[in-house]
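Chain and residue survey
These are the residues of each chain, in order.
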Amino acid sequence: MQAAVFRAANQPLVIEDVPDPTPGPRDLVVEVKCCGICGSDLHAASSGTLPSGCIMGHEFAGEVVEVGAEAKGGFERGDAVTAIPSIGCGVCAVCLSGDPIRCPRVEIMGLGQLPGAYAKYVRVGSNETVRLPEGIDFRHGALAEPLAVGLYAVQRAGLSPGQEVMVVGAGPIGLAVTLWARFFGARGVLVSEPAEGRRAMAEAMGATATVDGASSAAPILAEKPRGGVDVIFECVGVPGLLGQCVGLAAPRSKVVVAGLCMQPDTWVPGAALVKELQLQFVLAYRKDDFALTLEMMASGRIDPWPMVTDEVGLAELPEAFEGLKKPAAQCKVLVEP
Ligand SMILES: [Zn+2]
Ligand SMILES: [Zn+2]
């Protein structure tokens, strides 16, 4: 099969012929119909941590073409599905509770352990696979993953209706948090984002106000009755931002960190202590978050389409991937192999 293969840091992906995946007993093979390009792929490709030969791509939907002998879920050839891009052991308590990402034996797809979906076919776990409901095409199916990240973050924040939130960064995760914060009844959703095009996307997806950067939010937050919002979501993941969020947070409020920062960072814990802040770090989602996201898209109650800025074929993926490394008007780019 054809796949877009990572060969070396800071070099374009290469379209190569690689062996088709074969399913283990509890696995499925899915023909990839659509796969989103994720910011963490861009980070990984430049970080020097990915092995040569790795196939990325963890936001996908497609059609089941092979079913392992012991696969669960009653899947059949031709079923339209998406999947959590990780394969857990399938038998431990966390796997059985629908949270395979937290399985002690989990293997992650698309970031160097298991192959991802920048390819014609991908192997997934039957336990991690979710059917696309009626009315959901593969492009929306591929958006379930980034949207589920936002849903999980908002749930972990314990957001109550009527609360005010700020979202730092309007990349796909910040936009997904914006959408779900509005869905769960936030009174106000203030989004900080330097790129004008992404501020417009935030407004289309539920922001009630936008500013061009976290520091520009300070005067707006100072006007709020409690001196800030109830929850600040950090959705960027660069050094310095956590400290900045702590500085902007109101006393006894929460800072939820969804941005993945892999560099050392310094901030002053005392600044959080005097405000009695709650800090919550969040990773990924559970299977239920995929199911709810898909159902809400199918019934038209959420619309993630404003975040999609381009659709390309597999042959154009390396070029689109390079383009996303430079600041541009692009946000979520979908690949249709
Ligand atoms: Zn991702
Ligand atoms: Zn497990």
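Residues numbered from 1 in each chain as written. Chains lettered and ligands numbered in written order. Predicted model: local features only at pLDDT ≥ 70, side-chain atom pairs only at ≥ 80, totals over all residues.

The subject of this paragraph is the domain arrangement of the chain. By the assigned domains, the chain splits into domain 1 (2–131 + 304–336) and domain 2 (149–281). Between domain 1 and domain 2, the contact holds 10 residues from the first and 12 residues from the second. With three residues, helix α1 (residues 39–47) is the single largest residue contributor to the side of domain 1 that touches domain 2. (Domains from an automatic or database assignment. Contact = placed C-beta atoms within 7 Å. Helix = DSSP H or I, 4+ residues; strand = E, 2+ residues; numbered from the N terminus.)

Turning next to the environment of M201. Assignment of secondary structure puts M201 in helix α5 (residues 196–204). Between the C-alpha atoms of M201 and C235, which are 34 residues apart in sequence, the distance is 15 Å. Residue contacts for M201: discarding those within four places in its chain leaves A170, L175, P306, M307 and C331.

With that settled, consider the sheet that holds strand β13 (residues 231–234). Pairing between the strands of a sheet comes from backbone hydrogen bonds, and it takes one of two forms, parallel or antiparallel. Across the sheet, six strands lie side by side as β12-β11-β10-β13-β14-β15; this open sheet has parallel pairing. The open sheet has two free edges, formed respectively by β12 (209–211) and β15 (278–281), since each of these has just one partner strand. Going from strand to strand, the sheet's axes swing by 20 degrees on average, the running direction of each strand aside. As defined by bridge partners, strand β10 (residues 164–168) adjoins β13 across four bridges and the pair is classed as parallel. (Pairing = 2+ DSSP bridges. Axes fitted to C-alpha atoms, helices over the stretch in contact; angles between N-to-C directions.)

For strand β8 (residues 121–125), the tally of buried residues reaches five of five residues, placing the bulk of the element in the interior. The alternating pattern of β8 places Y121, R123 and G125 on one face and V122 and V124 on the opposite face, and all of these are buried. Pairing between strand β3 (residues 27–36) and β8: five bridges, direction antiparallel. Along β8, the bridge assignment pairs V30 with V122. (Buried ≥ 20, exposed ≤ 12 C-beta atoms within 10 Å, placed from the backbone.)

With that settled, consider unusual backbone geometry. Positive phi is not limited to glycine here, since N10 has a value of about 65 degrees. Checked against the element boundaries, N10 lands in the loop between β1 (2–5) and β2 (14–17). Residue N10 is classed as exposed on the basis of its C-beta count, with 10 C-beta atoms lying within 10 Å.

Looking now at the nonpolar core. Ranked by internal contacts, the top residues of the largest apolar core, which has 105 residues, are V177 and F233. In terms of residues, this core owes the most to one element, helix α3 (residues 138–156), which gives 11 residues. Other than its neighbours up to four places away in sequence, V177 contacts G150, A153, V154, V167, F233, C235 and A258. (Core = buried A, V, L, I, M, F, W, Y, C linked by C-beta atoms within 7 Å.)

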